[in-house]
Amino acid sequence: MEKTAPSSASMYFTELNDESTITPHLQEAVTQKIQLQLHAEDQSMQLKMTFAQVDAAKKFLFTLGDVTADQLTYYQNNRAINTYYKIGDILYSFSVPIRELNAKAILLEFPQIIRTYKKRQFYRIEIPESSPITVSFSDPENSSKNLKKLVLDLSMGGLSFFTSAEESQFQKGVVLRDVIFTLPSGKVITTNADIRYI
C-alpha cells in the first residue's frame, strides 16, 4: 500500500509501507546498484554503500562498500541507522537496525516503511560530503539544549535534514529562531525558519 500525504506547491511525500511495494522498489535499487548514505542518529559519521541484495523472506537488506576501522568500531556501538538515497529526482529514506557489519558490507533489517520525497517547485542542490553545511538551533522544547544537524540538500525554498523518530519536538509549523548555518568556508549565516514537512 502506498500512502500519500497532502501535496503542496513545493514538495510532497509518500510512504511505501508494506512488503508488496517495498520489495520491488528495493529490488530495483539493487538492479540499478543505487548508492545510499548511512548515518547514525547523531550524524557524526557517515557511510556510503551500494544496494547489493534484498531478501524479503529473511527480512534483510545487504549493502556493499568500504568501511574504515573507525567506522566499524563506531557503528558497532550505534546499532540504529538512518538511510537515504536518490532514484531520479526522488529522495528515499528509512531507518533500520544493523544486523551485522564488517569492513566491506553491512547487513540491515528489511525496512517496514520507506518515505519518498519529491520536489515540485525549486531545484534542490544535494550537499556533497566533501563540503558539508551544518545547521544549528535551540531545541524547540528545551531552549538550553542546542541541536546540530547536517544539511542534506538546499534550495531557494528551504533545506532538509534527517532526524530520528524519537525527536518529537519537530512538528509542522514549529518556528525555529536564530538558526545558524555554517558554510564550508566557515562563514556563518543566522536566520529564522519554520518546519514545513516532516
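Residues numbered from 1 in each chain as written. Predicted model: local features only at pLDDT ≥ 70, side-chain atom pairs only at ≥ 80, totals over all residues. Heavy atoms only, no water.

### Considering the nonpolar core
Thought 1: Counting 30 residues, the largest nonpolar core has F51 and Y85 as its most contacted members.
Thought 2: Elements represented by at least two residues in this core include exactly α1 (19-31), β3 (35-39), β4 (46-55), α2 (69-76), β6 (80-87), β7 (90-101) and β8 (105-109).
Thought 3: Among the elements that make up this core, the one with the highest residue count is β7 (five residues).
Thought 4: Residues contacting Y85, with those up to four places away along its chain left out, are H25, L26, I34, Q35, L36, F51, I90, L91, Y92, F94 and I114. (Core = buried A, V, L, I, M, F, W, Y, C linked by side-chain atoms within 4.5 Å. Buried < 20%, exposed > 50% of the residue type's maximum accessible area, 1.4 Å probe, protein only. Helix = DSSP H or I, 4+ residues; strand = E, 2+ residues; numbered from the N terminus. Contact = heavy atoms within 4.5 Å.)

### As for the environment of I127
Thought 1: If you trace the backbone, I127 turns up in the loop between β10 (125-126) and β11 (134-139).
Thought 2: Distance from I127 to D153, taken between C-alpha atoms, is 5.2 Å for residues 26 residues apart in sequence.
Thought 3: Apart from residues lying up to four places away in sequence, I127 is in contact with P132, I133, V151, L152, D153 and L154.

### Quick look at the confidence of the model for the chain
Thought 1: With 82% of its residues at a pLDDT of 70 or more, the chain has an overall mean of 80.
Thought 2: Across residues 1-12, confidence stays below pLDDT 50; counting only partners more than four residues off in sequence or on other chains, it has 37 contacts. (pLDDT = per-residue confidence, 0-100.)

### Some details on the pattern of salt bridges
Thought 1: Under the defined criterion, the tally for this structure stands at four salt bridges.
Thought 2: For E19, the salt bridge is made with K59, and the minimal N-O distance between the two is 2.5 Å. One end of the pair, E19, is in helix α1; the other, K59, is in the loop between β4 and β5 (60-64), with 40 residues separating them in the sequence.
Thought 3: Relative accessible area serves as the criterion here: at 39%, E19 is assigned to the partly exposed category.
Thought 4: Looking at K59, the relative accessible area reads 34%, which means it is partly exposed. (Salt bridge = Lys/Arg side-chain N within 4 Å of Asp/Glu carboxyl O.)

### Description of unusual backbone geometry
Thought 1: Notably, K33 is not glycine yet its phi reads approximately 55°, a positive angle.
Thought 2: Looking at where K33 falls in the secondary structure, it is placed in the loop between α1 and β3.
Thought 3: The backbone phi angle of K59 is positive, close to 60°, even though this residue is not glycine.

### Regarding the packing of aromatic side chains
Thought 1: The full count for this structure, using the stated rule, is four aromatic pairs.
Thought 2: Ring centres of Y85 and Y92 lie 5.3 Å apart, and the angle between their planes is 10°; on these two criteria the pair is classed as stacked.
Thought 3: Look at Y85 and you get buried, because its relative accessible area is 2%.
Thought 4: Residue class for Y92 comes out buried when judged on its relative accessible area of 10%. (Phe/Tyr/Trp six-rings, centres within 6.5 Å; stacked < 30°, edge-to-face > 60°.)

### Some words on the sheet that holds β10
Thought 1: The strand order across the open sheet formed by three strands is β10-β13-β14, and the pairing between neighbours is antiparallel. Among the strands making up the open sheet, the edge pair consists of β10 and β14 (158-160).
Thought 2: Summarising the sheet, β10 and strand β13 (residues 153-155) pair through two bridges and their orientation is antiparallel. Of the residues in β13, the one forming a bridge with E126 is D153. (Pairing = 2+ DSSP bridges.)

### Structural notes on α1
Thought 1: Here α1 contains 13 residues, and its C-alpha end-to-end distance of 18 Å stays within 8% of the 18 Å for a straight helix at 1.5 Å per residue.
Thought 2: Of the positions making up α1, those classed as buried are I22, T23, H25, L26, A29 and V30.
Thought 3: One or two steps after α1, the chain reaches K33, where phi turns positive at roughly 55°. (Expected span 1.5 Å × (residues − 1).)

### A closer look at α2
Given 3.6 residues per turn, any residue in an α-helix points the same way as the ones three and four places further on.
Thought 1: All of the buried residues along α2 are Q71, Y74 and Y75. Down the axis of α2, the smallest arc covering the buried residues is 90°, so these residues share one side.
Thought 2: Among the structural elements, β3, β4, β6 and β7 are those in contact with the buried residues of α2. (Arc of directions from axis to C-beta.)

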